[in-house]
Amino acid sequence: MLKASIAVLVSGGGTNLQALLDAQARGELKSGEIRLVIADRPGIGAIARAQAAGVACAVAVRREAGFEAQVQELLAQYRIDMAVLAGFLGILSPAFIRTFGKPILNIHPSLIPSFCGKGFYGLRVHQAALDYGVKVTGATVHLVNEVPDGGKILLQRAVDIRPGDTAETLQRRVMEEAEWKLLPQAVEAAAAEIVEEKENLS
Ligand code: GAR
């Protein structure tokens, strides 16, 4: 069966990558296959997760000149149909997005449009939600466009904030209750659309 070929971009521990790899191993990623993981620096936990799953993994250092060109080359080399930012903490340039020209999905750990955009990443997002005093937060999967965290929302799930939460406890609960469930669902749905388009063209 025709499958969409997927690249996952990562910057850290890679628990969202793991959720995707686990979904693939369980056969829940029916329309896509994770063919490449791109880590934005050496030594991060996500690399070991890709290797353990037998998925090709490349390192392109985000803070070095030529990062985006290197990623573009990898995406072309692996004939990637869709990129997934799974805990990728950089912002891709409008030129990058235009040149790739295919869907890019991102998972963000809040209910967009709250606590998002430039400077909101990782624990900072949860600390901002706690500082503001909101009672509900969550996670969002959206398409990436030229506005940071501004593309079309694909899936969202709310998570309650509990008395005594810290940024760390909240991050963990948002991951468990929302991120690790939403991301595989959104990726499968986007992959299914790509496969349908390919089948219509063939
Ligand atoms: C996740 O909570 C992800 O939503 C967030 O970073 C964490 C990475 O964890 N991403 C952002 O904040 C993007 N703006 P992981 O490496 O274990 O998947």
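Quick note: structure is the one above.
Note that the structure is predicted; figures quoted are calculated from it, not measured.

(A) Examining the environment of E68 more closely. Along the chain, the position of E68 falls in helix 3 (residues 67-77). Overall, E68 belongs to the partly exposed group, its relative accessible area being 24%. Spatially, the C-alpha atom of E68 lies 31 Å from that of A129, the residues being 61 residues apart in sequence. When sequence neighbours within four positions are dropped, the list of residues in contact with E68 reads I91, L92, S93 and F96.

(B) The packing of aromatic side chains, seen in detail. Scanning the model with the defined rule gives two aromatic pairs in all. Aromatic side chains F67 and F88 sit 6.3 Å apart centroid to centroid with 10° between the ring planes, which places their arrangement in the stacked category. Residue F67 is found in helix 3, and its partner F88 is found in the loop between strand 4 (82-85) and helix 4 (94-100); the two are separated by 21 residues along the sequence. Under the relative-accessibility criterion, F67 is labelled buried at 7%.

(C) Layout of the site of the ligand. The environment of the ligand is made up of 15 residues, and the closest members are G14, T15, N16, G122 and E179. At a separation of 3.3 Å, a nitrogen atom of the ligand approaches a polar side-chain atom of H108. In the environment of the ligand, an oxygen atom lies 2.8 Å from a nitrogen or oxygen atom belonging to the backbone of G122. In isolation the ligand exposes 440 Å². Once the protein is present, 92% of that is buried. In this structure, the ligand is accommodated by the largest pocket.

(D) Molecular detail of the pairing of strand 5 (residues 104-108). Within strand 5, five of the five residues are buried, leaving the element largely enclosed by the surrounding structure. Taking every second residue as pointing to the same face, both faces of strand 5 are buried, with I104, N106 and H108 on one and L105 and I107 on the other. For the segment spanning strand 4, helix 4 and strand 5, crossover handedness is right-handed. For strand 5 and strand 6 (residues 136-143), the ladder comprises four bridges, and the chain directions are antiparallel. From the neighbouring strand, L105 faces strand 6, where its bridge partner is L143.

Analysis parameters
- Residues numbered from 1 in each chain as written.
- Predicted model: local features only at pLDDT ≥ 70, side-chain atom pairs only at ≥ 80, totals over all residues.
- Heavy atoms only, no water.
- Helix = DSSP H or I, 4+ residues; strand = E, 2+ residues; numbered from the N terminus.
- Buried < 20%, exposed > 50% of the residue type's maximum accessible area, 1.4 Å probe, protein only.
- Contact = heavy atoms within 4.5 Å.
- Phe/Tyr/Trp six-rings, centres within 6.5 Å; stacked < 30°, edge-to-face > 60°.
- Near = heavy atom within 4 Å.
- Polar contact = N/O pair within 3.5 Å; in protein donor to acceptor, adjacent residues only side chain to side chain.
- Areas by Shrake-Rupley, 256 points an atom, 1.4 Å probe, with all protein chains shown as cover.
- 1 Å grid on protein atoms, 1.4 Å probe; cavity = no way out; pocket = protein on both sides within 12 Å on 5 of 7 lines; lining within 4 Å.
- Sits in = over half its atoms within 2 Å of the grid points.
- Right-handed = clockwise from strand over helix to strand, strands pointing away.
- Pairing = 2+ DSSP bridges.

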